[in-house]
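# Fold and contact review
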Amino acid sequence: MARILVVDDEIGIRELLSEILYDEGHTVELAENAAQARAARLRARPDLVLLDIWMPDTDGVSLLKEWGSQGLLDMPVIMMSGHATVDTAVEATRIGAVDFLEKPITLQKLLKTIAAGLARPVVTPALVAAARLPERSNTDQAPRLTTGPLPEAPEPVVEPNNSLLGSISLDQPLRDARDEFERIYFEYHLGRENHSMTRVSEKTGLERTHLYRKLKQLGIDSSRKKNTTA
């Protein structure tokens, strides 16, 4: 089970979400404003954050930007609001939120969105660096004399992704590296599923509406207009 941080200035929302998540077996920490959320994030990284957009001191989108600029946005964040526009939701997704929940939140929608968020891979500098290690080890090591046949190189688990991930620069802001990774991730699944949005939605754990919005934000054409060859 996961450790989930709930950030909302409404005590009723905090208590309701806390009760539901406890019943599901999760560990829950509550924060009523951005200051308490910052303190909770610094104490320990949660597995997932439910973050309200409209709060009295610092709004959720500003806190999301702050975490991203400080390299602290290494956990999935789901935004919540009863008044946000589509533009606000898209902006939060561009910054790094993995999804958006509109209040009032239904139990089924809440649990489904949390499950998808927890299953979603989070791109961190360490993850990107790990993807580049095979490339560096091949080029940096000096040749050695051997007395027997050279060992066969292991096959990559997902060859298309491994070759592309090495192109992500670590000298750029985290959110830009995340955008590059997500672009590679979604283009790979679109190609693998022959641009079937239903199957891509199932594979990535995103609802179709959010998936279309995400692809548009990343500048990815979701139509079946091309058949690439290896």
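Look a little higher up for the structure.
Residue indices follow the written sequence of each chain, beginning from 1 at its first position. In keeping with the model being predicted, local features are shown solely for residues with a pLDDT of at least 70 and side-chain atom pairs are shown and tallied solely at 80 or more, while totals for entire chains, interfaces and linings include all residues. With hydrogens and water stripped out, all remaining heavy atoms of the structure feed into the side-chain values.

## Observations concerning the packing of helix H4 (residues 86–95) against helix H10 (residues 208–218)
- All axes here are fitted lines through C-alpha atoms, helices being fitted over the stretch that makes contact, and every angle between N-to-C directions spans 0 to 180 degrees. Helix and strand definitions follow DSSP, with helices as H or I runs of at least four residues and strands as E runs of at least two, each counted in order from the N terminus. The N-to-C vectors of H4 and H10 enclose an angle of 65 degrees; their axes lie 11 Å apart at closest approach. Judged by the twist between their axes, the crossing of H4 over H10 is right-handed. Touching Val90, Thr93 and Arg94 of H4 are His210, Arg213, Lys214 and Gln217, all from H10.
- Ten residues, namely Ala, Val, Leu, Ile, Met, Phe, Trp, Tyr, Cys and Pro, are considered nonpolar, four, namely Asp, Glu, Lys and Arg, are considered charged, and the remaining ones, Gly among them, are considered polar. Of the residues contributing to the contact of H4 with H10, the split by class is one nonpolar, three polar and three charged. Two helices cross in a left-handed way if the nearer one is turned anticlockwise from the farther one by less than a right angle. They cross in a right-handed way if the turn is clockwise. Between two residues, a contact is recorded if the distance between any of their heavy atoms is within 4.5 Å.

## Focus: the pattern of salt bridges
- Salt bridges are identified by distance alone: a Lys or Arg side-chain nitrogen within 4 Å of an Asp or Glu carboxyl oxygen. Under the defined criterion, the tally for this structure stands at twelve salt bridges.
- For the salt bridge of glutamate 29 with arginine 3, the shortest nitrogen-to-oxygen distance reads 2.3 Å. With glutamate 29 in strand E2 (residues 27–31) and arginine 3 in strand E1 (residues 3–7), this residue pair connects regions lying 26 residues apart in the sequence.
- For lysine 214, the salt bridge identified is with glutamate 182, shortest N-O distance 2.6 Å. With lysine 214 in helix H10 and glutamate 182 in helix H8 (residues 174–192), this residue pair connects regions lying 32 residues apart in the sequence.
- Relative accessible area decides the class of each residue, using a 1.4 Å probe on protein chains only: under 20% of the type maximum gives buried, over 50% gives exposed, and in between gives partly exposed. By relative accessible area, which is 7% here, glutamate 182 ends up buried.

## Structural notes on the nonpolar core
- The biggest cluster of nonpolar side chains holds 24 residues, and the ones touching the most others in it are Val7, Val49, Leu51, Leu64, Trp67, Val77 and Met79.
- Looking at this core, the elements that each hand over two or more residues are E1, helix H2 (34–43), strand E3 (48–52), helix H3 (60–69), strand E4 (77–81) and H4.
- Those residues in contact with valine 7 that lie beyond four places of it in its chain are Ala31, Asn33, Ala37, Val49, Leu50, Leu51, Asp52, Met55 and Met80.
- Leu17, Val28, Val98 and Leu101 belong to the second largest nonpolar core, which has 15 residues in total. To define a nonpolar core, start from buried Ala, Val, Leu, Ile, Met, Phe, Trp, Tyr and Cys residues and group those joined through side-chain atoms within 4.5 Å.

## A closer look at the packing of aromatic side chains
- Two aromatic rings, drawn from Phe, Tyr or Trp (for Trp, its six-membered ring), form a pair once their centres lie within 6.5 Å of each other, and the interplanar angle then sorts them: stacked below 30 degrees, edge-to-face above 60, tilted otherwise. Tallying each qualifying case throughout the model produces two aromatic pairs.
- On the numbers, 5.2 Å between centres and 80 degrees between planes, the contact of tyrosine 185 with phenylalanine 186 is edge-to-face. Comparing tyrosine 185 with phenylalanine 186, the two get one shared label, buried.
- Grouped by ring-pair contacts, the aromatic residues Phe181, Tyr185 and Phe186 constitute a single cluster.

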